[in-house]
Amino acid sequence: MINKLLKTGKRRWLVIFPLIGFLILMILVKSKPDPKLKSDLESAPLVKVEKAKLRKLQMTIEGYGRAQSKESWQAVAEVSGRVIFRHPNLEKGSMLPAGTIALKIDPVDYQLKLAQAKSDLNSAIADADRIALKKNKQTLSLALERNRLNILEKEYKRKKGLLDKGSISHSSVDKEQSNVYVQQEKVLDLETNIKLIPNDIDVAQARIQVNQSRLEEAERKLAKTSIVIPFDARITQVNAVLEQVINQQSVLLKANHIGAMEINAQFAITDMKQFIRQTVDKPLSQGNEFPNIKRLNLQAGINLYSGDENLKWSGSVTRVSDSIDPQGNTIGLIVEMENDWKNFDPINNTPVMNDMFLEVKVMSRAKEILSVPTKAIHGNSVYIVKDNLLRMKPVSILFESGRYTAIKNRAEGSISENDLVITTDLLPAIDYMKVRTKMVHEKEEKSK
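Residues numbered from 1 in each chain as written. Predicted model: local features only at pLDDT ≥ 70, side-chain atom pairs only at ≥ 80, totals over all residues. Heavy atoms only, no water.

On to the sheet that holds strand S7 (residues 101-105), then. Hydrogen bonds between backbone atoms are what pair the strands of a sheet, whose relative direction is either parallel or antiparallel. On the basis of which strands lie adjacent, the open sheet formed by four strands has the order S8-S7-S5-S10 and antiparallel pairing. Both outer strands of the open sheet, strand S8 (226-228) and strand S10 (245-246), are each paired with one neighbouring strand and no more. Relative to S10, strand S5 (residues 81-86) is paired through two bridges, and the arrangement is antiparallel. By the bridge assignment, Gly81 is partnered in S10 with Ile246. (Pairing = 2+ DSSP bridges. Helix = DSSP H or I, 4+ residues; strand = E, 2+ residues; numbered from the N terminus.)

Once that is clear, we can look at the packing of aromatic side chains. Applying the stated criterion across every chain, the model contains one aromatic pair. Measuring from centroid to centroid gives 6.0 Å for Tyr64 and Phe357, while their planes differ by 10°, and the two rings are stacked. With a gap of 293 residues between them, Tyr64 in strand S3 (residues 60-69) and Phe357 in strand S16 (residues 357-363) connect regions that are remote in the sequence. Classification of Tyr64 as partly exposed rests on a relative accessible area of 38%. (Phe/Tyr/Trp six-rings, centres within 6.5 Å; stacked < 30°, edge-to-face > 60°. Buried < 20%, exposed > 50% of the residue type's maximum accessible area, 1.4 Å probe, protein only.)

Before going further, it helps to spend a moment on the pattern of salt bridges. Scanning the model with the defined rule gives 13 salt bridges in all. Linking Arg82 and Glu243 is a salt bridge whose minimum nitrogen-to-oxygen distance equals 2.9 Å. On the criterion of sequence distance, the pair formed by Arg82 in strand S5 and Glu243 in the loop between strand S9 (233-238) and S10 is long-range, its members being 161 residues apart. Overall, Arg82 belongs to the partly exposed group, its relative accessible area being 31%. Among the charged side chains, a network of salt bridges with common partners joins Arg82, Asp106 and Glu243. (Salt bridge = Lys/Arg side-chain N within 4 Å of Asp/Glu carboxyl O.)

Written out as structure tokens, the structure is:
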């Protein structure tokens, strides 16, 4: 009986204990405080933002071209003869200063021609002087003969009066009349000669001019026996050697100016159109002048990439090429720069050489324009933040300049000045999604 009661009590406890445990668990769950729920904003992604604002930007376009000397010169023989002198440094690749005598041609024949021309000129001048003296002499003689004629005419009149009175004979009067006729003939001859003298003077002056021209021609030919370098030059070709007899029109040597260089850099036409829109804000011509791109004062950076080295120079745009490439994709700008050979340094101041293939970056003048950080651009749109919501805005891109991109601020539905632009890459980026923002200042971004 007792055993039976014990077994019954055990069964009851087996039922009561789980019920007590369940009750205790329910009490603990009910008494535990509710967990705190995070708001949607606190769980939103954190993004960096910068303001879209007006910044002074320069548009840059990139082109490529080969360098060539701005001035080239070839010495063509204008006289013939034997080469009697050649400068010791006249070799291909050497540099010679302006005024250097590079070659001399035997001048003896031309010195003789010069001496003959001088002699002929002096003879013509002497003839002109004799004619002038003759004119003076005959003018004086004419005055004297006219006075003599006046005297004879008076004597003839006096004797004719005496004849009327019967004081002298007819023969005496006839003789005096004859003397008057002879004297009149002398006066007439002198007057005729004096009238012809101007023609003689003209002929003499013409002879002087002809001989003066011959003298100048002889002097020019004598001067052309010396071949003089016209500017600071690098020799590129030499065809003359000592004792060689050369003919007229022979090319003796070729040289390039070592200072000014030009690069005909080719730029994409689409880039050039956009560049012109951003750059040209004033007429390129004045009055009746032709357009001149030099008025824009466009500066250019010139680069040569050689292995790990990047050599840099600066220049300016002087002209536009006269044609586009055959495919119609590029147009050329002529960029000019100066080589500083006086401070030549093969490491730190390397000069530009002929046929170097160079990159040319032409920069417009800086002007204020609406811009955003370039990394904020996603195709043709940017993400801005307004009321903690991400908004996608279409943009019309004008050009890139460093870490910023210029935007056409009048595009419909686009961004405006002071909009907060997201610079963080978001994946995914959904219109109207909530975001948290962290303002980044330009100075902080530049310092990174």
